[in-house]
Amino acid sequence: GQQLNQSPQSMFIQEGEDVSMNCTSSSIFNTWLWYKQDPGEGPVLLIALYKAGELTSNGRLTAQFGITRKDSFLNISASIPSDVGIYFCAGQPLREYGNKLVFGAGTILRVKS
Amino acid sequence: GAGVSQSPRYKVAKRGQDVALRCDPISGHVSLFWYQQALGQGPEFLTYFQNEAQLDKSGLPSDRFFAERPEGSVSTLKIQRTQQEDSAVYLCASSLVGRTTVVPLHFGNGTRLTVT
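Participant: Run through the pairing of strand β9 (residues 88–95) of chain B, naming residues and quoting values.
Facilitator: Residue and element names in this part refer to chain B. The buried count for β9 comes to 8 of 8 residues, which makes it a mostly enclosed element. Burial along β9 is two-sided: Ala88, Tyr90, Cys92 and Ser94 facing one way and Val89, Leu91, Ala93 and Ser95 facing the other are all buried. Note that strand β4 (residues 31–37) and β9 share 7 bridges and pair antiparallel. Pairing of glutamine 36 across the sheet is with tyrosine 90, part of β9. Judged from the 3 bridges that link them, β9 and strand β11 (residues 111–115) form a sheet pairing that is antiparallel. Counterpart to alanine 88 in the pairing with β11 is leucine 113. Sheet topology note: the β9/strand β10 (residues 106–107) ladder contains 2 bridges and is antiparallel. Paired with serine 94 across the two strands is histidine 106, which belongs to β10.

Here it is in structure tokens:
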């Protein structure tokens, strides 16, 4: 099936640093999304991107939908301890309906205070 | 409640037992999804309901998996004759109808199934 390659697998950064993670695919996606999952909870939507080239911010988070429609990145500025968790990219494949999503394997973010 | 509610939170089953996992979606949400999340992985699509109709079950891994939503609200995912490879977190999610575009998908906290 379709796969999303998410990197890095994990990150261990200092509080206050900026963070960048990305997601790539060999296939085109209609929509890219970024979710955060805390232990014992379900994923929570952070940002949704609907058009190639779109750059969207949500507070300290910024994400972009790659122009080729095969990649996306998420940046977190000035990280704080509550940013810890697992970040997933997800995409809606070209010929699938809304919310039938393919997820990456996640980036584990750990922040040193 | 305001969010998607799943029960039980944890389920331990002996291999060969049947299990039933329940999902209460957000009131008014027409679309309901089940995803399976193995340890250290992202969620994987299992099945999709629009109201009571199961429109897509292409992600169900075997015929031991069965899902229903008879009245278009609460859904149950049933796994018969559980195997160790069924151990995972089962996530339910609901949304307003989004046939072509993605609309915000609200996930429950999942049921962690462990098959011993």
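Next, the rest of the story.
Participant: Go over the environment of A:Gly16, please, and point to the residues and values.
Facilitator: All names here are of chain A. Along the polypeptide, glycine 16 turns up in the loop between β2 (10–14) and β3 (19–24). Using a relative accessible area of 46% as the deciding quantity, one classes glycine 16 as partly exposed. If we skip the residues at most four places from it in the chain, glycine 16 touches Ala78 and Ser79.

Participant: Can you break down the interface of chain A and chain B residue by residue, with the values?
Facilitator: When the parts come together, some accessible area is lost, and that loss is often what is quoted as the size of the interface. At the interface, 20 residues of chain A touch 25 residues of chain B. Across the chain A to chain B interface the summed buried area is about 1,700 Å²; carbon plus sulfur atoms make up 53%. It is A:Tyr97, A:Asn99 and A:Phe103 in chain A that bury the most area against chain B; as a group they hold 34% of the surface buried on that side. Where chain A touches chain B, the interface holds 1 salt bridge. Here B:Asp56 and A:Lys100 are joined by a salt bridge, their closest N and O atoms 2.9 Å apart. Taken together, chain A and chain B are joined by 8 residue pairs in polar contact (both at pLDDT 80 or more).

Participant: How would you explain the sheet that holds strand β8 (residues 71–76) of chain A if you had to name every residue and give the values?
Facilitator: Residues and elements named next belong to chain A. A sheet is described by the order of its strands in space; here 5 strands give the open sequence β1-β3-β8-β7-β6, paired in antiparallel fashion. Pairing within the sheet leaves two strands with one partner each, and these edge strands are β1 (5–7) and β6 (55–58). Going across the sheet, the axis of each strand differs from the next one's by a mean of 15°, ignoring polarity. Summarising the sheet, β3 and β8 pair through 6 bridges and their orientation is antiparallel. Residue serine 20 lies in a different strand from β8, and its bridge partner there is asparagine 75.

Participant: With reference to specific residues and values, describe unusual backbone geometry.
Facilitator: Following A:Ser7, the chain continues into A:Pro8 via a peptide bond in cis, with omega recorded as -5°. Assignment of secondary structure puts A:Pro8 in the loop between β1 and β2. For the peptide bond that leads from B:Ser7 to B:Pro8, omega is -10°, which places it in the cis range. In this fold, B:Pro8 is placed in the loop between β1 (5–7) and β2 (10–13). The residue A:Arg69 is not glycine, and still its phi comes out positive at about 65°. For B:Asn51, which is not glycine, the phi dihedral falls at a positive 55°.

Participant: Provide a residue-level description of the sheet that holds strand β8 (residues 75–79) of chain B, including the pertinent values.
Facilitator: All names here are of chain B. On the basis of which strands lie adjacent, the open sheet formed by 4 strands has the order β1-β3-β8-β7 and antiparallel pairing. The open sheet is flanked by β1 and β7 (65–68), the only strands paired with a single partner. Strand-to-strand twist across the sheet, computed as the mean angle between neighbouring axes with direction ignored, equals 15°. Relative to strand β3 (residues 19–24), β1 is paired through 3 bridges, and the arrangement is antiparallel. From the neighbouring strand, glutamine 6 faces β3, where its bridge partner is cysteine 23.

Quick notes on the rules
Numbers given to residues run from 1 along each chain, matching the order in which its sequence is written. Chain letters start at A and ligand numbers start at 1, both assigned in the order the entries are written. The predicted origin of the model limits local features to residues at a pLDDT of at least 70 and limits the giving and counting of side-chain atom pairs to 80 or more, whereas totals for whole chains, interfaces and linings rest on all residues. The side-chain numbers reported here are obtained from all heavy atoms of the structure, hydrogens and water having been left aside. Working definition: with a 1.4 Å probe on protein chains only, accessible area under 20% of the residue-type maximum means buried, over 50% means exposed, and in between means partly exposed. A run of H or I in DSSP counts as a helix once it spans at least four residues, and a run of E counts as a strand once it spans at least two, with each numbered from the N terminus. When DSSP finds at least two bridges between two strands, those strands are taken to pair. Residue contacts follow a heavy-atom distance rule, with two residues in contact if any of their heavy atoms lie within 4.5 Å. Buried area: the sum, over both parts, of the accessible surface (1.4 Å probe) that disappears when the two are put together. Definition used for salt bridges: Asp or Glu carboxyl oxygen within 4 Å of a side-chain nitrogen of Lys or Arg. As used in this structure description, the phrase polar contact means that two N or O atoms lie within 3.5 Å; if the pair is within protein, one of them must be able to donate a hydrogen and the other to accept it, and residues adjacent in sequence are counted only when both atoms belong to side chains. Geometry is summarised by axes, namely lines fitted to C-alpha atoms with helices restricted to the contacting stretch, and by angles between N-to-C directions that run from 0 to 180 degrees.

By themselves these figures say nothing about function.
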